[in-house]
Amino acid sequence: MMTNLFSIFDPTSSTMSLQTNWLSIFTGLILIPMNFWLIPNRLLMTFKKIFFTLHKEFKTLIGPSFFPGMTIIPISLFTIIMLNNSLGLLPFIFTSTSHLTMTLTMALPLWLSMMIYGWINNTTHMLAHLVPQGTPPALMPFMVMIEMISNFIRPITLSVRLAANMIAGHLLMTLLGNAGTNTEKIIMITIILSQILLLVLETAVAFIQAYVFSILSTLYSSEV
C-alpha cells in the first residue's frame, strides 16, 4: 500500500536497493555498443539518421560560432535522456529522469560552464546581452534585473521541466491503474484503452522532452 501517490517515484523498493535502482541509468548504454561490432542493422541506421538530423539542426542554431565537434554534447544529452525516458516506461524499471537529482545534475554544470566561459572570454557581449536592443534608458536597470533573473533560473527550468513531464505521465497512469480495481467490465476496458493511448503519448513525450532539453541547452550556448 502506497503512503501517497508520489511514493511510486521512490528510488528504493523491497527487492532492489537504492544503488541498483539508479543503475537503470546505464541499462541503455549496455545495449548500444553491440551494434558497433555487428554488421550495420536497421536500428543502427535509424540512430545514425537521427543523429545526423540533430547535428544539422544544432549546427544551424549555433550559427557562425560553430566549430567541429560542438554538437557532441547536445547529441549525447539527447541520447541519455531519450534512453532513460523510454526505459522508464517499461515495468519495474526506475525512471531516473523523474528526479531532480538526475535532471539538475545535467543542467547545472552545463549552464555553469557556459556562464564561466562567457563572462571570462566574452565579457562585453555578455553585458550587452543583459539590455535588449531598443530598450528605453529609463527601463534599462529593470531590464538588467529581469535578464539576470531569467538567466539564473535557466538550469532550474531545464531540470524541472523534464522531471515534471516525466512525473505527470507516470502519475496519471498510476491513477488510472488504481481506479481499475473492482470495477465493471465496460469501465475496465475503457481504462485499459485509455492507458494504452496514454502510453503512446508518454512515448512521444519521452522523445520530445529529450529534444527540448538538448535544443534549449544549444540555444543557451549560442548566446555565449
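Calculation rules
Residues numbered from 1 in each chain as written. Predicted model: local features only at pLDDT ≥ 70, side-chain atom pairs only at ≥ 80, totals over all residues. Heavy atoms only, no water. Helix = DSSP H or I, 4+ residues; strand = E, 2+ residues; numbered from the N terminus. Buried < 20%, exposed > 50% of the residue type's maximum accessible area, 1.4 Å probe, protein only. Contact = heavy atoms within 4.5 Å. Areas by Shrake-Rupley, 256 points an atom, 1.4 Å probe, with all protein chains shown as cover. Phe/Tyr/Trp six-rings, centres within 6.5 Å; stacked < 30°, edge-to-face > 60°. Patch = residues over 30% accessible without salt bridge, like charges linked within 9 Å, V, L, I, M, F, W, Y side chains within 5 Å. Salt bridge = Lys/Arg side-chain N within 4 Å of Asp/Glu carboxyl O. 1 Å grid on protein atoms, 1.4 Å probe; cavity = no way out; pocket = protein on both sides within 12 Å on 5 of 7 lines; lining within 4 Å. Points joined across faces, edges and corners; volume = space filled by probe spheres on them. Expected span 1.5 Å × (residues − 1). Arc of directions from axis to C-beta. Polar contact = N/O pair within 3.5 Å; in protein donor to acceptor, adjacent residues only side chain to side chain. UniProt positions renumbered as here; feature names shortened; annotations may be inferred. Axes fitted to C-alpha atoms, helices over the stretch in contact; angles between N-to-C directions. Parallel < 35°, antiparallel > 145°, perpendicular 65-115°, else oblique. Left-handed = near helix turned anticlockwise from the far one by under 90°. Nonpolar A, V, L, I, M, F, W, Y, C, P; charged D, E, K, R; others polar. Core = buried A, V, L, I, M, F, W, Y, C linked by side-chain atoms within 4.5 Å.

1. Description of the overall build of the chain
Okay, so step 1: Assigned secondary structure in the chain consists of ten helices and zero strands.
Okay, so step 2: Along the chain, from the amino end to the carboxyl end, the secondary structure elements read α-α-α-α-α-α-α-α-α-α.
Okay, so step 3: By the burial criterion, 32% of the 224 residues in the chain qualify as buried.
Okay, so step 4: When contacts within the chain are restricted to residue pairs at least 6 apart in sequence, those whose partners lie at least 24 apart make up 72%.
Okay, so step 5: Total accessible area on the chain stands at roughly 14100 Å², and carbon and sulfur atoms take up 75% of it.

2. Brief notes about the packing of aromatic side chains
Okay, so step 1: The final tally for this structure, using the stated rule, is two aromatic pairs.
Okay, so step 2: Taken together, a centroid distance of 5.9 Å and an interplanar angle of 40° make the contact between phenylalanine 47 and phenylalanine 51 tilted. Of this pair, phenylalanine 47 and phenylalanine 51 both sit in helix α4 (residues 42-62), four residues apart, which is roughly one turn of that helix.

3. Details of a nonpolar patch on the surface
Okay, so step 1: On the surface, a cluster of nonpolar side chains totalling about 760 Å² of accessible area is made up of Leu100, Leu104, Leu108, Met148, Ile149, Phe152, Ile153, Ile156 and Val160.
Okay, so step 2: Counting residues per element, the ones that place at least two in the nonpolar patch are α6 (100-121), α8 (140-152) and α9 (154-179).
Okay, so step 3: For valine 160, the location among the structural elements is in helix α9.

4. Observations concerning empty space enclosed by the protein
Okay, so step 1: Per the counting criterion, the structure on display carries one cavity of 30 Å³ or more.
Okay, so step 2: Its volume calculated, the largest cavity comes out at about 110 Å³.
Okay, so step 3: The wall of the largest cavity is formed by Met115, Met126, His129, Leu130, Glu147, Ser150, Asn151, Arg154, Tyr220, Glu223 and Val224.
Okay, so step 4: When contributions to the lining of the largest cavity are tallied by element, the ones reaching two or more residues are α7 (123-129), α8 and α10 (185-223).

5. Observations regarding α4
Okay, so step 1: Between its first and last C-alpha, α4 extends 30 Å over 21 residues, near the 30 Å set by a 1.5 Å rise per residue.
Okay, so step 2: Leu44, Leu54, Phe58 and Ile62 are the residues of α4 that are buried. Along the long axis of α4, the arc covered by the buried residues comes to 90°, so they all point the same way. Turned more than 90 degrees away from the buried face of α4 sit Arg42, Lys49, Phe52, Lys56 and Thr60, all of them exposed.
Okay, so step 3: In the segment just after α4, glycine 63 is the residue with positive phi, at about 85°.

6. A closer look at the side chain of serine 159
Okay, so step 1: Tracing the sequence through the fold places serine 159 in helix α9.
Okay, so step 2: A distance of 3.0 Å separates a polar side-chain atom of serine 159 from the backbone oxygen of isoleucine 156.
Okay, so step 3: Beyond its immediate chain neighbours, meaning those up to four positions away, serine 159 contacts Leu100, Thr103, Leu104 and Ala107.

7. Concerning the environment of leucine 83
Okay, so step 1: Among the structural elements, leucine 83 can be located in helix α5 (residues 72-87).
Okay, so step 2: Residue classification places leucine 83 among the buried residues on the basis of a relative accessible area of 16%.
Okay, so step 3: The sequence separation of leucine 83 and alanine 210 amounts to 127 residues, and the corresponding C-alpha distance is 9.0 Å.

8. Concerning the UniProt feature "transmembrane region" (unreviewed entry) in the chain
Okay, so step 1: As annotated by UniProt and renumbered to match this structure, "transmembrane region" (unreviewed entry) occupies residues 20-39, 60-83, 89-117 and 186-212.
Okay, so step 2: For the annotated span residues 89-117, helix accounts for 62% and strand for 0% of the residues, and the straight-line distance between the end C-alpha atoms is 37 Å.
Okay, so step 3: Between the end C-alpha atoms of residues 186-212 the distance is 38 Å, and the span holds 100% helix and 0% strand.

9. Structural notes on the packing of α4 against α5
Okay, so step 1: Closest axis-to-axis distance for the α4/α5 pair is 10 Å, and the angle between their directions is 135°. Judged by the angle between their axes, α4 and α5 are oblique. By crossing handedness, the relation of α4 to α5 is classed as right-handed. Residues Phe47, Ile50, Phe51, Leu54, His55 and Phe58 of α4 touch α5, and the partners they reach there are Pro74, Ile75, Phe78, Thr79 and Met82.
Okay, so step 2: A class-by-class count of the residues in the contact of α4 with α5 yields nine nonpolar, two polar and no charged.

10. Observations concerning the nonpolar core
Okay, so step 1: Within the largest apolar cluster, 26 residues are counted, with the highest numbers of intra-cluster contacts made by Ile81, Met106, Leu158, Leu162 and Phe213.
Okay, so step 2: Of all the elements, α6 adds the most residues to this core, at seven residues.
Okay, so step 3: Apart from the residues within four sequence positions on either side, isoleucine 81 is in contact with Met106, Leu162, Ala210 and Phe213.

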